[in-house]
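# Close look at the chain arrangement
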Amino acid sequence: RKEVEQDPGPFNVPEGATVAFNCTYSNSASQSFFWYRQDCRKEPKLLMSVYSSGNEDGRFTAQLNRASQYISLLIRDSKLSDSATYLCVVNRESNFNKFYFGSGTKLNVKP
Amino acid sequence: EAGVVQSPRYKIIEKKQPVAFWCNPISGHNTLYWYLQNLGQGPELLIRYENEEAVDDSQLPKDRFSAERLKGVDSTLKIQPAELGDSAVYLCASSLYGLESTDTQYFGPGTRLTVL
């Protein structure tokens, strides 16, 4: 079983829509969680960290559910510029502080 | 502030040839990572350095891959000999400490390797 699993998509949504992605992780010892954004043929860039209490950054909201071992990303009022692949990242300090990346969920925002 | 620098950006070689990638992390970052990313997949860790020490190389195919970070700053990843299946993007990342789970990784633009 993979450490981190994501729906590859693509999610095709119109501008202004709200879209949500989930990501599940297999190891309950995972301690830190992140969403990265990766544009086509570019490097991943940190979008936001995910805190236990949930956190919001503008149109983006991240939630963590430790009991069910998943994290989510909600994007409100989608923009064309939100089109990208969103990578879920999980970290375990017990394993040399190793970061595990999901395969990514592709989002296409259409005019 | 300069980000993570990688060179070359693109490399095309024939199988069985050697190839080397170079990475210069963000100034002051102690931790350096080399990842491999195949199309449609997330990055997979090859090796992680804390200063000049390789603290996690469990995923590095040591029969053909090698890496070094001699002075704890820039790093080189080498493949010898390259195989067709090595075609991928090789990403370098750095972070300030690496010992804290909340540490942010910053990625370089990657080297896109094509093995013919």
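Residues numbered from 1 in each chain as written. Chains lettered and ligands numbered in written order. Predicted model: local features only at pLDDT ≥ 70, side-chain atom pairs only at ≥ 80, totals over all residues. Heavy atoms only, no water.

## Here's the deal with the packing of aromatic side chains
Residues and elements named next belong to chain B. As enumerated under the stated definition, the model contains 13 aromatic pairs over all chains in all. Note on Y35 and F107: the rings are 5.5 Å apart at their centroids and 40° apart in plane angle, and the pair reads as tilted. Linking Y35 in strand 4 (residues 31-37) with F107 in strand 10 (residues 106-107), this pair joins segments that are 72 residues apart in sequence. Taking relative accessible area as the criterion, Y35 reaches 0% and is therefore assigned buried. (Phe/Tyr/Trp six-rings, centres within 6.5 Å; stacked < 30°, edge-to-face > 60°. Helix = DSSP H or I, 4+ residues; strand = E, 2+ residues; numbered from the N terminus. Buried < 20%, exposed > 50% of the residue type's maximum accessible area, 1.4 Å probe, protein only.)

## Describing the state of the cysteines
In total, this model carries two disulfides over all chains according to the counting rule given. The disulfide partner of A:C23 is A:C88, and the S-S distance across this bridge is 1.9 Å. Residues A:C23 and A:C88 are joined through a disulfide that is left-handed, its torsion about the S-S bond being -70°. One end of the pair, A:C23, is in strand 3 (residues 19-25); the other, A:C88, is in strand 9 (residues 84-92), and 65 residues separate them in sequence. Judged by its relative accessible area of 1%, A:C23 falls in the buried class. Classification of A:C88 by relative accessible area gives buried; the value is 0%. Disulfide partner of B:C23: B:C92, at an S-S distance of 1.9 Å. (Disulfide = S-S within 2.5 Å.)

## Notes on the interface of chain A and chain B
With 19 residues of chain A at the contact, the number on the chain B side is 27 residues. When chain A packs against chain B, close to 1,800 Å² is buried across both sides, 47% of that on carbon and sulfur atoms. Our count for the contact surface shared by chain A and chain B stands at one salt bridge. B:D56 is the partner of A:K98 in a salt bridge, and the nearest nitrogen-oxygen pair spans 3.9 Å. Of all elements in the fold, only strand 4 (32-38), strand 9 and strand 10 (98-101) of chain A reach the threshold of two or more residues within the side of chain A that touches chain B. In terms of residue class, the side of chain A that touches chain B is built from eight nonpolar, six polar and five charged. (Contact = heavy atoms within 4.5 Å. Buried area = accessible area lost by both parts, 1.4 Å probe. Salt bridge = Lys/Arg side-chain N within 4 Å of Asp/Glu carboxyl O. Nonpolar A, V, L, I, M, F, W, Y, C, P; charged D, E, K, R; others polar.)

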